[in-house]
Amino acid sequence: MTHFSHRYAAALLCCVSPFVHATLPAGFGADDIRGAAVETFPEYFELLGLPNDSSRPADMQANVTWLEAAFKKRGFKTSRLENGQLPLVLADYEGNRSNQKTVLFYMHFDGQPVIPAQWEQESPWKAVVKSRGSDGKWTIVDKSHLMRKDFDPELRVFGRSSSDDKGPIMMFLADFDLLKKNRVAPKINVKVILDSQEEVNSPGIPAVVTAYARDLKADALIIHDAAAHPSGRPTAMFGNRGSTPLTLTVFGPKTPLHSGHYGNYAPNPAQRLANLLATMKGDDGAVLVDGYYSRTTLTAKDRAILAEAGDDEVALRKRIGIKTPERVGSSYQEALQFPSLTVRGLAAAGVGDKVAGIIPDRAVAEIDIRSTVESQSGWLVDKVRSHIEKKGYFLIDGEPTDEQRQQHDKIARLKVGVSSEGAQQAIDSPVGDWVYAGLASAWDGPGAAMLPVRLRMMGATVPTHEIVTPLGMPFVLVPVVNADNNQHTFDENLKMNNYLTGMRSMLGLLLQPFP
């Protein structure tokens, strides 16, 4: 673990950022931020109560209506960016000035699908407050524990999208309440784009951004998504991987067969799929597809930046419950710089009390590829496709015909879903310097100095490439939620200390002039 030194922080800050920075002005202290947060908590619970699976347009329309009202309340004018039944929301601050640079902030309001039975509460859409006991277990407590200025910052709110990404939206709104209360205007012009389909790779956003390019015009893009560094330090990320879902189906007999009558005779597609997947990724986690990592090269400077993060990997492995990490990179941060291939679901004849004594007619693997700027999705998919064919499989687009079944021993289908590409921004850039100075200003001062951590690239995916390519603007990702938030799975949560620190980091950006 790299131990953090405040003295080192101050010295490095002088060297990294050319901006003059100062602490937040009077009226924006810790008690002021807490008070503004408490006042927004009722709205936060309202927003979390709105289901937001983008496969249900009517639910998403309710979110749009709520968000429009919430931003208008803070002095924004809003408009809907048409995207079929799932419009995006653009909020333009009415206090913007002609002599200031403009920053476009991106957040999303859709969430991952849920399986309610997995959640330790009445419903994922009925957010609850929980406290962790000395035994490490979480217990629901009354919401009144959170509705007072001296609330325990270790409390967490559990509910779908509590952290990903409705929490950051509410932090942002709370900051504008605080700005209004203190009669302080942002030092930048502010626009906000709220995405309705981020969790399905934002399939509509390239066309939307192109169609509304004039309305979205800005000098920089800030993305408030993903999770902050586990150390609690303010975080700036300068890239993200892309994402491509694949569905691999291996076909067996025309219909499911009795395992007693046909076992040892009819090839089992579940076994074949398992064997095929084993040729694609080794026990150590490294992808075995030929040339998969060949385009990724890390320089000495890259490795120095990765080491700067100072991750406590012993604590990380303990938190996620593993003894040994996969051996793709020499560290957690280095591993995220490479493209990945992840099996995220398997299906065949069933499991547990739902399994039958059969040889299934097919077996299916759901896979996701995380691409990088150097290794984009199309190139990686071609590598995977070629690998499957080299293993003797005849790839088809639909269902196998009788003729194909007689001609080919191994038949499979590879279906490619909607891709979102990776993106990268130079750390030593004007936008990087501005973000660094803004975060530093929010956390400078006696007892509060925390050097922002800069990460070359995060492992997850947001539609950065799809926004910045047509708009031609620089970007930085500034995540603010806790790293252990369970996003994308059950019991998603937001630590209330991160609500406060997130507000503080956002204020640092809003009150830092852009050059």
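For the structure, see preceding data.
These notes cover the structure that comes with them. All figures in this text were calculated on a predicted structure; none of them were measured in a lab.

### A short note on the nonpolar core
Note that soluble globular proteins tend to have their nonpolar side chains buried in a common cluster.
No. 1: By size, the foremost hydrophobic cluster in this structure holds 75 residues, and its most contacted members are Phe71, Phe172, Val190, Val192, Met496 and Tyr499.
No. 2: Residues within four places of Phe71 in sequence aside, it is in contact with Phe76, Thr78, Ala91, Ile169, Phe172, Leu173, Val192 and Leu194.
No. 3: Among the nonpolar cores identified, the runner-up in size contains 27 residues, and Leu81, Val209, Ile467 and Val468 belong to it.

### Examining the packing of helix 2 (residues 30-48) against helix 16 (residues 496-510)
No. 1: Closest axis-to-axis distance for the helix 2/helix 16 pair is 10 Å, and the angle between their directions is 115°. One element, helix 2, and the other, helix 16, form an angle in the roughly perpendicular class. For helix 2 against helix 16, the interelement crossing comes out right-handed. Side by side, helix 2 and helix 16 meet where Ile33, Arg34, Ala36, Ala37, Thr40, Phe41 and Tyr44 of the first sit next to Met496, Tyr499, Leu500, Met503, Arg504 and Leu507 of the second.
No. 2: Tallied by class, the residues present in the contact of helix 2 with helix 16 amount to 10 nonpolar, 1 polar and 2 charged.

### Concerning the sheet that holds strand 17 (residues 410-416)
Think of a sheet as strands paired side by side through backbone hydrogen bonds, with each pair either parallel or antiparallel.
No. 1: Across the sheet, which stays open at both edges, the 5 strands sit in the order 13-15-11-17-16 with mixed pairing between neighbours. With one partner strand each, in any of the chains shown, strand 13 (340-347) and strand 16 (393-396) form the two edges of the open sheet. Each adjacent strand pair in this sheet contributes to an overall mean axis angle of 30°, direction not counted.
No. 2: One ladder, built from 7 bridges, connects strand 13 with strand 15 (residues 362-371); its direction is antiparallel. Note that in strand 15 the partner of Thr342 across the bridge is Asp368.
No. 3: Along the sheet, helix 12 (residues 377-390) contacts strand 11 (242-251), strand 13, strand 15, strand 16 and strand 17; its crossing angle with strand 15, the most-contacted strand, is approximately 145°.

### Some words on the packing of aromatic side chains
No. 1: Overall, the coordinates contain 14 aromatic pairs when judged by the stated rule.
No. 2: Both rings, one in Phe172 and one in Phe176, keep their centres 5.2 Å apart while their planes meet at 50°; by these two values the pair is tilted. Taken together, the residues Phe172 and Phe176, both in helix 4 (residues 166-181) and 4 residues apart, mark about one turn of the helix.
No. 3: Using a relative accessible area of 3% as the deciding quantity, one classes Phe176 as buried.

So, how was this worked out
- Residues numbered from 1 in each chain as written.
- Predicted model: local features only at pLDDT ≥ 70, side-chain atom pairs only at ≥ 80, totals over all residues.
- Heavy atoms only, no water.
- Core = buried A, V, L, I, M, F, W, Y, C linked by side-chain atoms within 4.5 Å.
- Buried < 20%, exposed > 50% of the residue type's maximum accessible area, 1.4 Å probe, protein only.
- Contact = heavy atoms within 4.5 Å.
- Axes fitted to C-alpha atoms, helices over the stretch in contact; angles between N-to-C directions.
- Helix = DSSP H or I, 4+ residues; strand = E, 2+ residues; numbered from the N terminus.
- Parallel < 35°, antiparallel > 145°, perpendicular 65-115°, else oblique.
- Left-handed = near helix turned anticlockwise from the far one by under 90°.
- Nonpolar A, V, L, I, M, F, W, Y, C, P; charged D, E, K, R; others polar.
- Pairing = 2+ DSSP bridges.
- Phe/Tyr/Trp six-rings, centres within 6.5 Å; stacked < 30°, edge-to-face > 60°.

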